[in-house]
Amino acid sequence: MTGGGKISTGVMFALVLAVNSVATQADTALELLQQLNEFPHARLLELEQEEVLDYEVGLGAIQKIGGAWRFKDSERFNGRVSSYTWQIVDGFTSIEVMNTLVDEAQQLEGAELLFACDGRACGRGVQWANRVFHEPLLYGREDRQRYRVYSLGGDPRSLLIMFAASRTADRQYLHAELLEVKP
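Here goes a summary of the coordinates provided. Within each chain, residue numbers correspond to sequence positions counted from 1 in written order. The model is predicted, so local features are restricted to residues of pLDDT at least 70 and side-chain atom pairs to those at 80 or more, both for listing and for counting; the totals for chains, interfaces and linings are taken over all residues. Note that water and hydrogens are dropped before the side-chain values are worked out from all heavy atoms of the structure.

1. Observations regarding the overall build of the protein chain
Secondary structure elements are taken from DSSP: a helix is a run of H or I of four residues or more, a strand is a run of E of two residues or more, and numbering for both begins at the N terminus. Each helix and strand in the protein chain was counted, giving 4 helices and 8 strands. Relative accessibility under 20% of the residue-type maximum defines a buried residue, over 50% an exposed one, and the middle range a partly exposed one, all with a 1.4 Å probe and only protein chains included. Per-residue burial for the protein chain yields a buried fraction of 46% across its 183 residues. Residues count as neighbours in contact if any of their non-hydrogen atoms are within 4.5 Å of one another. A fraction of 67% describes how many contacts in the protein chain between residues 6 or more apart in sequence connect residues 24 or more apart. Surface summary for the protein chain: the accessible area is close to 9,400 Å², and the carbon and sulfur share equals 48%. Computed with a 1.4 Å probe, the accessible areas rest on the Shrake-Rupley method; for each residue, only the protein chains presented here act as cover.

Given below as structure tokens:
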């Protein structure tokens, strides 16, 4: 509790997700992302699903190499990708929501962090927004961006990719992709 008997935003967020988690613990990354659709402070802006061939997943910062923007390290995969973009509202930040998603993702079977970066260490935010995710609204303050890639065990293997972006206090965005890898 803070002064005046009010509960802080972070505590309230944790309480909402804790209650939600107890009621329905996600068994898969897809269930985890679908649960976020029901979080009252996340508005789903876009959901796309498509089959992909040689889909590049960044496993390093994005940087300019030889005049071209590239990942410091990456891998290519075939499979099916489901992409979600949410706007985070009501005073919550995209980083708070992403941190909760990360905590939940780490509980999934075979979860292994492949790459993580915070802030400017990720590279130019405009490149992440436009070249990587093809979502210009994800361009925000570089010091407030976060990127995570998890490998999730099982057969077939999946990759969970998350990117948090903050334009202003009222323009917070979270983008997540679930790539179901096919040989």
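2. Quick look at helix α4 (residues 125-132)
Of the residues making up α4, those classed as buried are G125, Q127, W128, A129 and V132. In this structure, the buried residues of α4 make contact with β2 (62-65), β3 (68-71), β6 (146-152) and β7 (158-168). Directly after α4, the chain includes H134, whose backbone phi takes a positive value near 55°.

3. Focus: the pattern of salt bridges
We define a salt bridge as a side-chain nitrogen of Lys or Arg found within 4 Å of a carboxyl oxygen belonging to Asp or Glu. Taken as a whole and assessed by the stated rule, the structure comprises 7 salt bridges. Taking the shortest distance from any N to any O, the salt bridge between R80 and E51 comes out at 3.2 Å. One end of the pair, R80, is in strand β4 (residues 74-88); the other, E51, is in strand β1 (residues 42-58), with 29 residues separating them in the sequence. Exposure remark for R80: the relative accessible area of 28% places this residue in the partly exposed category. Residue E51 is classed as partly exposed on the basis of its relative accessible area, which comes to 46%. For the salt bridge of R76 with E56, the shortest nitrogen-to-oxygen distance reads 3.5 Å. Of the two residues, R76 sits in strand β4 while E56 sits in strand β1, which places them 20 residues apart along the sequence. Shared partners join several salt bridges into a network, and the residues in it are E51, R80 and K182.

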